[in-house]
Amino acid sequence: MGWPVFRRFSTIVILVLGLVVFQTLAFAEVQAPLMIMARDPAGHGLLAETQGKRVLIVSGTPEQMGQAHGRLLGNEARRLTERVIFFVGGLETIQSGRWFLDVMEEIHRRTVPHIPPRFLEECDALSQAAGLSRRDGRFANLFPERFHCSGVAVRGKASKNGRVLHARVLDYMRDIHLQNEATLMVFIPKGFHAWLSVSYAGFIGTVTAMNEKGLAIGEMGGRGEGDWDGMPMSFLLREVMERANNVEEALEILQNTPRTCEYYYVLSDRSGNLAGVHADARQMTVLRPGQQDSRLPFVPEDTVMISAGERAEYLSQRLQKYFGQIDVATMIEIIKRPVAMNSNLHNAIFAPETLDVWFADAGRDTPACDEPYAHCNLRELIRFYHEAMGSER
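Structural notes, computed from the coordinates.

So, how was this worked out
Residues numbered from 1 in each chain as written. Predicted model: local features only at pLDDT ≥ 70, side-chain atom pairs only at ≥ 80, totals over all residues. Heavy atoms only, no water. Helix = DSSP H or I, 4+ residues; strand = E, 2+ residues; numbered from the N terminus. Expected span 1.5 Å × (residues − 1). Buried < 20%, exposed > 50% of the residue type's maximum accessible area, 1.4 Å probe, protein only. Arc of directions from axis to C-beta. Salt bridge = Lys/Arg side-chain N within 4 Å of Asp/Glu carboxyl O. Axes fitted to C-alpha atoms, helices over the stretch in contact; angles between N-to-C directions. Left-handed = near helix turned anticlockwise from the far one by under 90°. Contact = heavy atoms within 4.5 Å. Nonpolar A, V, L, I, M, F, W, Y, C, P; charged D, E, K, R; others polar.

## Quick look at helix α8 (residues 309–321)
Across its 13 residues, α8 extends 19 Å between first and last C-alpha, which sits within 8% of the 18 Å expected from 1.5 Å per residue. Taken residue by residue, α8 has R311, A312, L315, S316, R318 and L319 as its buried positions. All buried residues of α8 project into a common sector of 165° when viewed along the axis, lining one side. Across α8 from its buried face, at more than 90 degrees, point the exposed residues E310 and K321.

## Side note on the pattern of salt bridges
In the structure shown here, the tally under the stated rule is 23 salt bridges. A salt bridge links R71 to D40; the shortest N-O distance between them is 2.7 Å. With a gap of 31 residues between them, R71 in helix α1 (residues 62–72) and D40 in the loop between β2 (35–39) and β3 (45–50) connect regions that are remote in the sequence. In this structure R71 comes out as partly exposed when scored by relative accessible area, which is 37%. Accessibility expressed as a relative area gives 3% for D40, which makes it buried. In this structure, a network of salt bridges that share partners links the residues R118, E122, R238, E239, E242 and R243.

## Brief notes about the packing of helix α6 (residues 233–243) against helix α7 (residues 247–256)
Two elements in contact, α6 and α7, have axes separated by 10 Å at closest approach and are oriented at 145°. Where α6 crosses over α7, the handedness of that crossing is right-handed. Between α6 and α7, the residues in contact are L236, E239, V240 and R243 and E249, A250, I253 and L254, respectively. Residue classes in the contact of α6 with α7 are distributed as 5 nonpolar, no polar and 3 charged.

Now the structure itself:
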């Protein structure tokens with residue numbers, strides 16, 4: 001994600017869209033076993049583990065989901081909030097000369113009118129249950145407006161057999177160990193689509209997500225510091241996940257919602273519709289598969305790509321090299337360094353048709369692209385939850 005709020009590092013954004021077939025022998029689409037670690041006593045969530053990964057599933061009203069989240073991951077949410085607000089915030093105060101909490105208060109004041117009330121209700125309930133102040137809980141959820149990232153996917157002639165694959169790379173400060181609080185989250189909100197997020201304890205927005213309708217999205221940050229009179233990006237993407245059935249509906253939400261800073265998005269859905277988006281507070285541009293741009297290296301057929309610098313060149317070269325052959329294993333290789341940065345915090349590869357996700361988190365001293373991937377299926381996670389909780393959707 002970019003840093004639209006503070007002084008940015010030079011942001012390089014890459015999006016590639018397309019379709020792909022999966023190597024079922026190497027990357028089975030069978031749901032791995034989950035072990036329940038804890039249940040929400042009020043019956044609105046559970047914490048599980050699979051393949052060494054933490055999985056949180058919550059359901060119900062915004063207040064019920066927030067309370068379950070805070071009760072099940074309170075310690076982790078507090079650690080992440082402290083690391084973000086006091087450690088990173090302290091460094092930013094020193095570098096910029098402007099008090100971090102004053103900046104966050106201005107962002108809060110200007111974005112709150114555009115945030116759906118249900119998100120604030122959930123965030124505040126989470127904070128209360130986790131033992132955080134409402135201010136700190138909200139500031140921690142506004143902070144993810146600022147990550148470096150890349151995204152990649154392929155389709156049609158670019159793949160082996162034309163099924164949808166959508167990869168996303170999150171590059172951001174793995175050296176402060178946000179990966180310690182990494183959590184695959186599934187939200188089952190009352191009256192809205194269920195969806196999953198490759199995320200972190202205490203964070204209710206998203207930057208890497210797929211919903212039960214087979215719509216996937218990831219973001220990459222650009223510039224635009226000070227453009228804060230809109231819905232924060234991470235909540236905007238959650239709004240898309242909970243309301244949109246496909247790419248075109250997602251584009252309509254993005255177009256019609258007041259936006260904040262400059263971002264790039266990659267979207268795909270189970271029908272094979274794909275889009276790359278460049279948007280800021282004033283305009284929104286959509287790129288379709290195969291569309292060329294003078295600012296980009298060569299974009300292969302059945303591909304949409306938005307990028308800059310050396311990473312874009314490497315990405316273009318790899319896509320051309322493996323054109324027509326790309327599967328999950330190949331995609332994992334394509335998004336390795338230098339497409340991913342040394343700060344690579346997490347990676348995810350979505351299969352919107354089947355609702356599968358492969359994801360990797362950074363190690364203590366290694367980028368996510370060098371770590372093993374876990375696999376989950378959203379449909380099976382939802383089924384597991386309802387069976388475990390004795391409930392029906």
